[in-house]
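Structure assessment
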Amino acid sequence: MTVTDAGPCGALRIAPSILAADFGALANAVREIDAETDWLHVDVMDGHFVPNVSIGPPVVASLRPYSPRFFDCHLMMTDPGRYLEAFKKAGADGCTVHVEVGGTASLINDARALGLRVGLAANPDTPFDEVAPFLGDIDLLLLMTVFPGFGGQSFMGDVMTKVSEARREVDANALDVDIEVDGGIDLSTAPIAVHAGANVLVAGSAIFSRPSPLDAARELRASAEAH
Ligand code: DX5
Ligand code: ZN
C-alpha cells in the first residue's frame, strides 16, 4: 500500500479533525472540506487511555476511497502497537502514538517498519524532556493543547512554551519533524500556535461546527498565514 505524500516538512498544514463531523455522513463531510484539507486528522479513542470511544480501522478503510489526502491518525490508545498494522492496512498514512503509554522506541520502529509516517504525541502536562530523546526518529511531534478525549475544549496557552522549545530544538538540529498542535485551535488561537512554532494545525469544532466547514477551514488557514 502506498503512502500519501505528507507534503514538505515544516510547511503550514490544516488538518481538519473528523471527530467534530457528523459520523452518519462522514464521507460527505470529508469531501466537502477537501479543497482546504492538507491532512485529514482521525482521532482514535480506546476508552482506556482516554475516557471516550470513537472510531477505528474500519472507518479509516471506509473513508479512504473518498479522500486523496494524507490520513493523519492520532491513536489515543493504551496499546497502539496492537493496531498499527490494521491502521496501515485500512489506509492510514501516518500514525501518532502517545509517549505516556511507554514502549516508545519499539512503537516507533514498528510503525516505521510498516511504512507509516511516524508521530509522537505528548499531553499538555508531559514535559518536553519526555519526547526530546525521540526527535531524531520521528516525523511528527504532536503537542496536545487540551487533555485528549473530547472535542470542543479550550486551548491551553501554557503549552506554547513547549511548542517553542520543540521548534528551537528541531530547527537547531535541522530535523525533518513537523510540529502539530491539537485542541481548541480556532481563528484566534491558530496564529498564536504558529507564532510559537507549530506548523500543523488540527481543528475539529472550529471547522465542522460552522455552517460552512469549507469556509471555516479557509479562514483558519488565512488566520494562520497572517500570524
Ligand atoms: C482531542 C482530539 C482532537 C479534537 C480536537 O482529544 O485529539 O483532535 O478533535 O477538537 P477541537 O478542535 O474541537 O478542540
Ligand atoms: Zn487529535
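So, how was this worked out
Residues numbered from 1 in each chain as written. Chains lettered and ligands numbered in written order. Predicted model: local features only at pLDDT ≥ 70, side-chain atom pairs only at ≥ 80, totals over all residues. Heavy atoms only, no water. Near = heavy atom within 4 Å. Polar contact = N/O pair within 3.5 Å; in protein donor to acceptor, adjacent residues only side chain to side chain. Areas by Shrake-Rupley, 256 points an atom, 1.4 Å probe, with all protein chains shown as cover. Helix = DSSP H or I, 4+ residues; strand = E, 2+ residues; numbered from the N terminus. Nonpolar A, V, L, I, M, F, W, Y, C, P; charged D, E, K, R; others polar. Phe/Tyr/Trp six-rings, centres within 6.5 Å; stacked < 30°, edge-to-face > 60°. Buried < 20%, exposed > 50% of the residue type's maximum accessible area, 1.4 Å probe, protein only. Donors = N, O, S within 2.8 Å, 3.2 Å for Na, K, Ca; no water. Tetrahedral: all angles 85-135°; square planar, octahedral: opposite > 155°, others 65-115°. Lys, Arg positive; Asp, Glu negative; His and termini not counted. Salt bridge = Lys/Arg side-chain N within 4 Å of Asp/Glu carboxyl O. Contact = heavy atoms within 4.5 Å. Pairing = 2+ DSSP bridges. Axes fitted to C-alpha atoms, helices over the stretch in contact; angles between N-to-C directions.

1. Digging into the site of ligand 1
Within the structure, ligand 1 sits among 20 residues, and Asp 43, Gly 149, Asp 182, Gly 204 and Ser 205 are positioned closest to it. Residue His 74 places a side-chain N or O atom 3.3 Å away from an oxygen atom belonging to ligand 1. Measuring from an oxygen atom of ligand 1, one finds a backbone N or O atom of Gly 204 at 2.7 Å. The fraction of the free accessible surface of ligand 1 (380 Å²) that becomes covered by protein chains is 99%. Of all the secondary-structure elements, those providing two or more residues to the shell around ligand 1 are strand S2 (39-45), strand S3 (70-76) and strand S8 (200-203). Of the residues belonging to the shell around ligand 1, the class tally is eight nonpolar, ten polar and two charged.

2. With respect to the packing of aromatic side chains
Following the criterion strictly, the structure yields one aromatic pair and no others. On the basis of an interplanar angle of 40° and a centroid distance of 4.8 Å, the ring pair of Trp 39 and Phe 70 is categorised as tilted. Of the two residues, Trp 39 is situated in strand S2 and Phe 70 in strand S3; the sequence distance between them amounts to 31 residues. Accessibility classification places Trp 39 together with Phe 70 in one group, the buried group.

3. Description of the coordination of the zinc ion (ligand 2)
Surrounding the zinc ion (ligand 2) are the protein donor atoms His 41 (NE2), Asp 43 (OD), His 74 (ND1) and Asp 182 (OD), at 2.0 to 2.3 Å. Every donor counted, the six donor atoms about the zinc ion (ligand 2) form angles of 68 to 168° at the centre, which fits octahedral coordination. Donor residues for the zinc ion (ligand 2) sit on one chain with the sequence pattern H-x1-D-x30-H-x107-D. You can see His 74 sitting in strand S3 and its partner Asp 182 sitting in strand S7 (residues 178-182), a full 108 residues away along the chain. Here His 74 and Asp 182 have matching classes, each one buried.

4. Considering the side chain of Asp 182
Buried within the structure, Asp 182 lacks any salt-bridge partner; Lys 162 is the closest side chain of opposite charge, at an N-O distance of 13 Å. In terms of polar contacts, Asp 182 uses its side chain to reach the side chain of His 41, at 3.2 Å. If sequence neighbours within four positions are ignored, Asp 182 has contacts with His 41, Asp 43, His 74, Leu 142, Leu 143, Met 144, Thr 145, Val 146 and Val 202.

5. Re the sheet that holds S7
Ordered in space as S1-S8-S7-S6-S5-S4-S3-S2, the eight strands form an open sheet in which the pairing is parallel. The open sheet is flanked by strand S1 (13-16) and S2, the only strands paired with a single partner. If you compare each strand with its neighbour and ignore which way they point, the axes differ by 25° on average. Pairing of strand S6 (residues 140-144) with S7 involves five bridges; the strand directions are parallel. Its bridge partner being in S7, Met 144 is matched across the sheet by Asp 182. Running over the sheet, helix H6 (residues 160-172) touches strand S5 (117-122), S6 and S7 and is turned about 170° from S7.

Keep in mind these values describe shape, not function.
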